[in-house]
Structures are given as structure tokens and as C-alpha cells.
Amino acid sequence: MTHKDFIPEKEPKHISSGKAAWQSPSNIALVKYWGKRENQIPANPSISFTLTNCHSTTTLNYSRRTEEQKAEDFEFDFYFEGKAKEDFKPKIQKFFQRIEKFCPYLKDYKFEIFSENSFPHSSGIASSASGMSAIALCLMDLEKELYPAITDEYYCRKASFLARLGSGSASRSIDGGLVVWGEHDKIQGSSNEYGISFPFAVHDIFKTYRDTILLVDKGEKQVSSTVGHDLMHGHPFAANRFKQANENLDKLITILESGDTSAFIKIVESEALTLHAMMMSSQPYFILMKPNTLQIINKIWTYRESTGIPVCFTLDAGANVHILYPEKHENEILEFINNELVVYCQNGHYICDRVGDGAKKL
Ligand code: DP6
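Residues numbered from 1 in each chain as written. Predicted model: local features only at pLDDT ≥ 70, side-chain atom pairs only at ≥ 80, totals over all residues. Heavy atoms only, no water.

1. A word on unusual backbone geometry
Just so we agree on the cut-off: Labels follow the DSSP assignment, with helices taken as runs of H or I lasting at least four residues and strands as runs of E lasting at least two, numbered in each case from the N terminus. For every residue, the accessible area (1.4 Å probe, protein chains only) is compared with the maximum for its type, and the residue is labelled buried under 20%, exposed over 50%, or partly exposed between those bounds.
Here Gln283 and Pro284 are connected by a cis peptide whose omega angle stands at 0°. With respect to the helices and strands, Pro284 occurs in the loop between α8 (261-280) and α9 (291-307). Despite not being glycine, Glu81 shows a phi value in the positive range, around 50°. Looking at the secondary structure, you find Glu81 in the loop between β5 (75-80) and β6 (83-84). Residues other than glycine seldom take positive phi values, yet Asn347 does so here, at roughly 55°. On the secondary structure map, Asn347 appears in the loop between α10 (330-341) and β13 (350-354). A relative accessible area of 65% places Asn347 in the exposed class.

What follows is the structure, encoded as C-alpha cells:
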């Protein structure tokens, strides 16, 4: 499927009002998306674990507008945790503009969007992946009412496609397990336009992987992801970085099947540090890690060296540290976190998460 397939051809049914609700998870990338082209096309393919506990819950109420109202701009209200949130509206407005061609019914309805996150509001955890995928899924619910013939496959693909136009990483928050977004020559069916479930065999160890997120800095990021992606244009290392991401994904195909955690760690930690190296070597340059981020990384390395437990870290575009490890080591790692790492977390906060099944209709 390509973007052309996502433009509805038939006349929609007449639906006067309704409601849709979805719970959609966050995800953590193992091979990172950093750099994009026009229309949210990624500069390289990425792969992520879908999470469970960090999620957004979104309800969409829709009611049909009169013929005169339809000629006007989109009409919607956005509520975050029960309160009207004006500063989020421009993001949704931009999202609606981007997807209007594919959802020509948007101006036919007035929307009320209610969203909340399972994770603390200012935790430094990006809510764009879970939030945008949840809205995209709610819109697909409406689309299914309007065009009842659409298949489940179309529904999921288009939800990921729309989510991508809201925020790139959101395209990886529809399906569960491991999700690939971006074309890769060894991964059949992979697409720059939407995410797909990783299509190869996965060793059991990776099916129940744990992700404990250490909240190092809950403040607002100084540089947004959107600005960071943009700085990859003309970046001196861009071409090599995009090539490396393709190679790392290639290597992961075998590693994910064999369950080789040492090889997994080498790729995942290198990806995290390379992401931040790109930030540190762009013009203008910037640093999102904090001193405590580095303290934690060093402690993980020492712990891994002395215990042989295959625990590793990854980073998002921020200072928080995601600690990844097999389920069977959960007790030891939580003890290690409580004994040695919690001092580096703001107010001692961390969130226990795990690989999950993907978005759920409510
Ligand atoms: C570092 O998806 O937030 O988390 O497409 O501009 O909304 P936009 O960017 P976004 O970028 C996420 C970048 C990342 C890596 C990743 O998740 O792959």
C-alpha cells in the first residue's frame, strides 16, 4: 500500500454523530529515527519495542456540521486530563491539515478530543507517539463507520500512516512487539509511509523484555525532536549515520532471532550514543544528556561487567535512561536500580514497563 491507497474513493455513509476511544502505547526505538525528508518520510528505517504501561487514552466525539459550517476551517476542541488545552491545538490543526487529503471527511464533523496519559505529565517522556497514534486510531474508527467495507489490514496500515503524519515515531505505536518503520531492503513489506510488525522469527527472550525508565530530568526539552531532525539536513555525518542505521537493522534481524543478548547490547547502546552524538555534532550543537544520565550509564556498565547480566541502556531525545533487560533478571535489576540508580532520578522516580501487545480499542 502507498499513500494513494489511503485516499477514500467511494462516497461515505451518512453518520450524524458518534464516539471512538483507544488506548495507545508509547514505544522505545532500538534503531533510531533521526532525520527526515518532506512529508514525514524518514531518512532511515527504525525499529522499536512497543511498550505497555506508558500509554495515552483518547476519546473522540464527533458530530456532523451543517453545510455552511463545513465551508469553514476544521472545528475541534482538545482536552488534556479533563481541561481544555489551547496550546496543544496548533499541533492538531497542523495534523488535520496534513491528513485532510486522506480523510476528506474531517471538515464534515465537529470533534471533541479528550486525552490523558498514564505517565506523569512532566516526566520528560514524549507523549507524541502514544498521543498521536491514539487520535489516528480514533479517526480510523470514524472512517470505518463512513466506509464499512474497509479491511482490518487497511485499518491498521492507515492508522499507522496517519499517526506518522502526526509524529514519525507514532507510526510504530499501533502494533505490538517489535515494529519496523522505514524501507529496508531485507525487510519485505517495510515502508517509509507506515510501520509494520517485524516480520521475522523473534527469540522468546525478546518477547517479554523489560524497560525501566529512569526519570533523570522531567523538565521541558531545550530542543524539540522536530528541530533536531531538521539539523540532520546538511549534517556532516548524516550520510554515514543513515547507512549505519540500515546496517544495524540488518544485524538485528539475526540477533533478534538467535537471542544473542551481547550482540543486541552492542547495537542498542551504540544507537543511543550515536543519536546523541548527532545532536552534539550538528550546527547549532546541543546536549540533552545530563550529568546523571552519564552516571547511570557508567553504573550499568560496571554492573554488567561484574554480574554478567545482559542489561543495557537506550536513550530518547532527552536525559531519561531506558534500562532494557530480560524478564528473568527483573528482581536483580530492580534491586540494582533501587540500591544504586534511584539517587540519580529526579525525586527518585522511575517507571517499570515491558514489551506490549499494541493499541487497544476501548
Ligand atoms: C529520538 O517522532 O518525536 O525518539 O516526527 O518530528 O514528531 P517527529 O519526531 P519524533 O522523533 C523521535 C525521535 C527519537 C527516536 C525514535 O523514536 O526513533
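More follows now that the structure is in view.
2. Brief notes about the packing of helix α2 (residues 89-99) against helix α3 (residues 128-146)
Axes are the key here: two packed helices are described by the angle between their axes and the distance separating the axes. Applicable threshold: Interaxial angle, 0 to 180 degrees, is taken between N-to-C directions of lines fitted to C-alpha atoms, where a helix line uses only the stretch in contact. By definition in this entry, angles of less than 35 degrees are roughly parallel, angles greater than 145 are roughly antiparallel, angles of 65 to 115 are roughly perpendicular, and the rest are oblique. Two helices cross in a left-handed way if the nearer one is turned anticlockwise from the farther one by less than a right angle. They cross in a right-handed way if the turn is clockwise. Should any heavy atoms of two residues lie within 4.5 Å, those residues are considered in contact. Under this grouping Gly is polar, as are all residues other than the nonpolar Ala, Val, Leu, Ile, Met, Phe, Trp, Tyr, Cys and Pro and the charged Asp, Glu, Lys and Arg.
For the pair α2 and α3, interaxial distance at closest approach is 13 Å and the crossing angle is 50°. One element, α2, and the other, α3, form an angle in the oblique class. Crossing of α2 against α3: the hand is right-handed. On α3, the residues touching Lys91, Ile92, Phe95, Phe96 and Ile99 of α2 are Met132, Ile135 and Leu139. Here the contact of α2 with α3 is built from residues that sort into seven nonpolar, no polar and one charged.

3. Focus on the domain arrangement of the protein chain
Rule in force here: The domain limits used here are those given by an automatic or database domain assignment. Each of two parts loses accessible area, computed with a 1.4 Å probe, when they are put together; buried area is these two losses added. We define a salt bridge as a side-chain nitrogen of Lys or Arg found within 4 Å of a carboxyl oxygen belonging to Asp or Glu. Each polar contact in these results corresponds to two N or O atoms within 3.5 Å; when the atoms are within protein, one needs to be able to donate a hydrogen and the other to accept it, and residues that are neighboring in sequence are counted only if both atoms are side-chain atoms.
Taken domain by domain, the protein chain holds domain 1 (3-201) and domain 2 (204-354). Look at where the C-alpha atoms of domain 1 and domain 2 centre, and you get two points 26 Å apart. Facing the 34 residues of domain 1 at the interface are 43 residues of domain 2. Both sides of the domain 1 and domain 2 interface together cover about 3,200 Å² of buried area, and 68% of this is carbon and sulfur. In this assembly, domain 1 and domain 2 are joined by one salt bridge. Note that Asp250 is salt-bridged to Lys186, the shortest N-O span being 2.9 Å. For the interface between domain 1 and domain 2, the tally reads 13 residue pairs in polar contact (both at pLDDT 80 or more).

4. Observations concerning the pairing of β5
Selection criterion: Should DSSP find at least two bridges between two strands, the strands are regarded as paired.
Pairing of β5 with strand β7 (residues 109-117), which is carried by six bridges, proceeds in the parallel orientation. The partner of Glu75 across the bridge, within β7, is Lys110. Bridge analysis of β5 against β6 gives two bridges, and the strand direction is antiparallel. By the bridge assignment, Tyr79 is partnered in β6 with Ala84. Linking β5 back to β6 in an antiparallel pair, the connection comprises two residues, with Glu81 at a positive phi of about 50°.

5. Points about the pairing of strand β8 (residues 178-181)
Within a regular beta strand, the side chains point alternately toward one face of the sheet and then the other, so they alternate between its two faces. Residues Leu178 and Val180 point to one face of β8 and Val179 and Trp181 to the other, with burial holding for every one of them. As judged from the four bridges shared by strand β4 (residues 46-64) and β8, these two strands associate in the antiparallel manner. Counterpart to Ile47 in the pairing with β8 is Val180. Pairing of β8 with strand β9 (residues 195-197) involves three bridges; the strand directions are antiparallel. When the sheet's bridge partners are listed, Val180 is paired in β9 with Ile196.

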